[in-house]
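Observations on the model geometry
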Amino acid sequence: MKRFLDKLVRLPLWYHLLFAVILSCILLVVTLKWLEVYTRHNQAVIVPDVKGLSVDRASGFLKKSGLRHSVIDSVFSKEAAPGAIVEITPTAGSKVKEGRIIFITVNAQTAQMGSVPEVADLSLRQAYALLRARGFENVETKYIDGEYRDLALRVESMGRTLNPNEMVPLNSAVVLIVSNGYTEPFREDSIDSINIEEIDSIPAETIANDDENWF
């Protein structure tokens, strides 16, 4: 071995340069091949469309495609079955590398619940804003005879009075009962009620903190 090294050292300079070039080329080829294998170059799979399926059923399709999955969130939608997948990331049809994790959002088994606020003796604006701020989107108003105009009295759902802090599905239709300002029989055509669309255009925080004298 020592004699071989001695001979190698005595070789002309251009031999050493040639040897260095050859060794560099070999190292470059080996490195590129390793990177190709490590990054799975040109090996892409298509994300299957599993929206609407249960997580158990979807996992089978994802495994066949060489993909993994993780449930990261849940929402409630009346358009999808409970427990069904409503969204995936990356989206269906995307090209990803084999082994990629697909993030899944599922439809909740039950509707999201919200706490009914105390609305008695608040103005219509304040009571309506509180309901919307709590997450209730299907809010209607109903006027009944009462001493003060646009005075909130209570909240009802399906003909039943809801108690303050009672937990109710946020997708429930709730009715805000409001005084019309008349003690005589109700005359609907004589009431200039507040435009609910105008209330929706005002930030809930602004209305909820409104200290105006409304009666």
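Read on for an overview of the structure. (Residues numbered from 1 in each chain as written. Predicted model: local features only at pLDDT ≥ 70, side-chain atom pairs only at ≥ 80, totals over all residues. Heavy atoms only, no water.)

1. Examining the overall build of the chain
Quick note on the threshold: Helix and strand assignments follow DSSP, with helices taken as H or I runs no shorter than four residues and strands as E runs no shorter than two, numbered in order from the N terminus. Note on definitions: a residue-residue contact is assigned when non-hydrogen atoms from the two residues lie within 4.5 Å. Calculation of accessible area relied on Shrake-Rupley with a 1.4 Å probe; when residues are assessed, cover is drawn exclusively from the protein chains displayed.
Of the regular secondary structure elements, the chain holds 6 helices and 11 strands. When contacts within the chain are restricted to residue pairs at least 6 apart in sequence, long-range pairs at least 24 apart make up 73% of them. Split by element, the accessible area of the chain, about 14700 Å² in all, is 55% carbon and sulfur.

2. Some remarks on the pairing of strand β11 (residues 174–180)
As a reminder, the rule being used: Using a 1.4 Å probe on the protein chains alone, a residue whose accessible area is under 20% of its type maximum counts as buried, one over 50% counts as exposed, and one in between counts as partly exposed. The rule for pairing is simple: two strands pair if DSSP sees at least two bridges between them.
By the criterion of burial, β11 is predominantly enclosed, with 6 of the 7 residues buried. Looking at chain direction, strand β7 (residues 139–144) and β11 are connected through 6 bridges and run parallel. Across the sheet, lysine 142 pairs through a bridge with isoleucine 177, a residue of β11. Pairing of strand β8 (residues 149–157) with β11 involves 6 bridges; the strand directions are antiparallel. If you follow glutamate 156 over to β11, its bridge partner there is valine 175.

3. Brief notes about helix α3 (residues 55–64)
Condition: The directions from the helix axis to the C-beta atoms are what the arc is built from.
Buried residues of α3: Ala58, Ser59 and Leu62, and no others. Seen along its axis, α3 keeps its buried residues to an arc of 110°; they face one direction. Relative to its buried face, α3 has exposed residues pointing more than 90 degrees away, namely Asp56, Arg57 and Lys64. Its buried side turned inward, α3 meets β2 (68–75), β3 (85–89) and β5 (101–107).

4. What to know about the pattern of salt bridges
The condition that has to hold: Salt bridges are counted wherever a side-chain nitrogen of Lys or Arg sits within 4 Å of a carboxyl oxygen of Asp or Glu.
The tally for this structure, following the rule as stated, stands at 3 salt bridges. The shortest N-O distance in the salt bridge between arginine 154 and glutamate 156 comes to 3.0 Å. Overall, arginine 154 belongs to the partly exposed group, its relative accessible area being 30%. Glutamate 156 gets classed as buried once you look at its relative accessible area, which sits at 13%.

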